[in-house]
Amino acid sequence: MSGTNHDTGFSFYIPIVLITAFLLGCFSLSLMSIRENASSILPGGAVSDGDSVKSEGSVRKSPVYNDGGLKYRLVSASDLGIGNKSISQPDDPAPKRNVSSQAEQGLTDGVLRLPMEHYINFFPHRSGYTAYLTFDDGPSENTEAILDILDYYNVKATFFVIYHKDMEDKYKAIVNAGHTIALHSYTHDYSSVYASEASFFNEMDMISDYIYRQTGVRTMLMRFPGGSSNTISRKYSRGLMSVLKKSVKERGYVYQDWNVDSCDAEKPYTPPEKLFSNVSNSVGDKKTVIVLMHDSGNKTATTVQALPEIIEFFFAKGYSMEKLDMTVEEIHHNW
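Not measured: the values here are computed from a predicted model.

Caption draft 1: Spotlight on the environment of His332. Along the chain, His332 turns up in the segment after strand S13 (320–322). Put simply, His332 and Gly227 are 105 residues apart on the chain and 8.6 Å apart in space, counted from C-alpha to C-alpha. Ignoring any residue separated from it by four or fewer positions in sequence, one finds His332 in contact with Lys249, Tyr255 and Asp257. A polar contact of 2.9 Å, which involves the side chain of His332, links it to the backbone oxygen of Tyr255.

So, in structure tokens, the structure goes:
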């Protein structure tokens, strides 16, 4: 009799256990659905599906997840290192430090408008839509941070460089990371660059030889200081730009201007959200986009802060992101 009562008592709990398990399963499915919906509305773009974690001292790559066929990368803003600094957030600002100059202040005042955690989705690229990020006037103390961020997103870019003393390792780092290194004159001193046709090509030969000595790369890809539409050259040699645009081609150079300008060189320490809006508002539906940015030290340090959001903007719009080479169709200013 006692055995029968025991069996009956045990049977009473079986439905409760089954119901509880069913409810827990429904709850888990709900959480997965919420996460998937969140990933579709938060800012993001396509990145490579590599899931490696980089060694200590370099930028940490977060793993790629697959949830019911949806691939995404969950990113914490603290993972996006900028040299020895992290991107500060509105709700979690970086600790205030004593700063010795406005240039140093420019590194901490701007904030990148990204949530502390957000999803980067794997959107398919739109056929024929390509964005090229370009950085003029480097290398500088910002170069390492730029390279870290580009590596984090598995993006290649183009650096139009000039000569800087004691920056030998930076030229090598650009090439070793797989980016394009290109010519932007030796001094970027307009009075020297545009003194004459001979002076211009002397500047190009000097920077070409210097790059070759540091990296082993010989390049004929170039960008005119000030762009091919600059008017400042008239001050030193009227009519020279018309001559140069023909003679560079005759000598085998390929030159690239830009069709989207971040305007980071117009005003020092421009807030990163302004740089982002300058880029995003200028893209429109251009199939080929060449973005002008600068790697020129503290005055353009906020360019580094804006870079992650700019990259994610292009990914979200379905652009593939590539580096320039001698075969890419040239974009020239015609005004």
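Caption draft 2: Here's a closer look at the side chain of Thr300. Residue placement: Thr300 occurs in the loop between strand S12 (288–294) and helix H9 (301–316). A polar contact is formed between the side chain of Thr300 and the side chain of Ser296, at a distance of 3.2 Å. Those residues in contact with Thr300 that lie beyond four places of it in its chain are Asn142, Asp264, His294 and Asp295.

Caption draft 3: Broad picture of a negative patch on the surface. On the surface, Glu144, Asp166, Glu168 and Asp169 cluster together into a negatively charged patch. When you line up the elements, Glu168 lands in helix H4 (residues 168–176). The partly exposed category is assigned to Glu168, whose relative accessible area is 32%.

Caption draft 4: Local environment of the side chain of His333. Position of His333 relative to the elements: it lies in the segment after S13. A distance of 2.8 Å separates a polar side-chain atom of His333 from the backbone oxygen of Trp258. In contact with His333, other than residues within four places in its own chain, are Ser228, Ser229, Asp257 and Trp258.

Caption draft 5: Up close: the packing of aromatic side chains. On inspection of all chains with the given rule, the structure shows 15 aromatic pairs. Pairing Tyr163 with Tyr210 gives two aromatic rings, centres 5.0 Å apart and planes at 90°, and the pair type is edge-to-face. With Tyr163 in the loop between strand S7 (158–161) and H4 and Tyr210 in helix H6 (residues 197–215), this residue pair connects regions lying 47 residues apart in the sequence. With relative accessibility at 27%, the residue Tyr163 sits in the partly exposed group. Seen from their ring centres, Tyr194 and Phe200 are 6.3 Å apart, and the 15° between their planes marks the pair as stacked. In this structure Phe200 comes out as buried when scored by relative accessible area, which is 0%.

Caption draft 6: Summary view of unusual backbone geometry. Here the bond from Gly138 into Pro139 is cis, since omega is 0°, no more than 30 degrees from zero. By the secondary structure assignment, Pro139 is in the loop between strand S6 (130–138) and helix H3 (143–152). Notably, Ser185 is not glycine yet its phi reads approximately 95°, a positive angle. Checked against the element boundaries, Ser185 lands in the loop between strand S8 (180–183) and helix H5 (190–193).

Thresholds applied
Residues numbered from 1 in each chain as written. Predicted model: local features only at pLDDT ≥ 70, side-chain atom pairs only at ≥ 80, totals over all residues. Heavy atoms only, no water. Helix = DSSP H or I, 4+ residues; strand = E, 2+ residues; numbered from the N terminus. Contact = heavy atoms within 4.5 Å. Polar contact = N/O pair within 3.5 Å; in protein donor to acceptor, adjacent residues only side chain to side chain. Patch = residues over 30% accessible without salt bridge, like charges linked within 9 Å, V, L, I, M, F, W, Y side chains within 5 Å. Areas by Shrake-Rupley, 256 points an atom, 1.4 Å probe, with all protein chains shown as cover. Salt bridge = Lys/Arg side-chain N within 4 Å of Asp/Glu carboxyl O. Lys, Arg positive; Asp, Glu negative; His and termini not counted. Charge placed at Lys NZ, Arg CZ, Asp CG, Glu CD. Buried < 20%, exposed > 50% of the residue type's maximum accessible area, 1.4 Å probe, protein only. Phe/Tyr/Trp six-rings, centres within 6.5 Å; stacked < 30°, edge-to-face > 60°.

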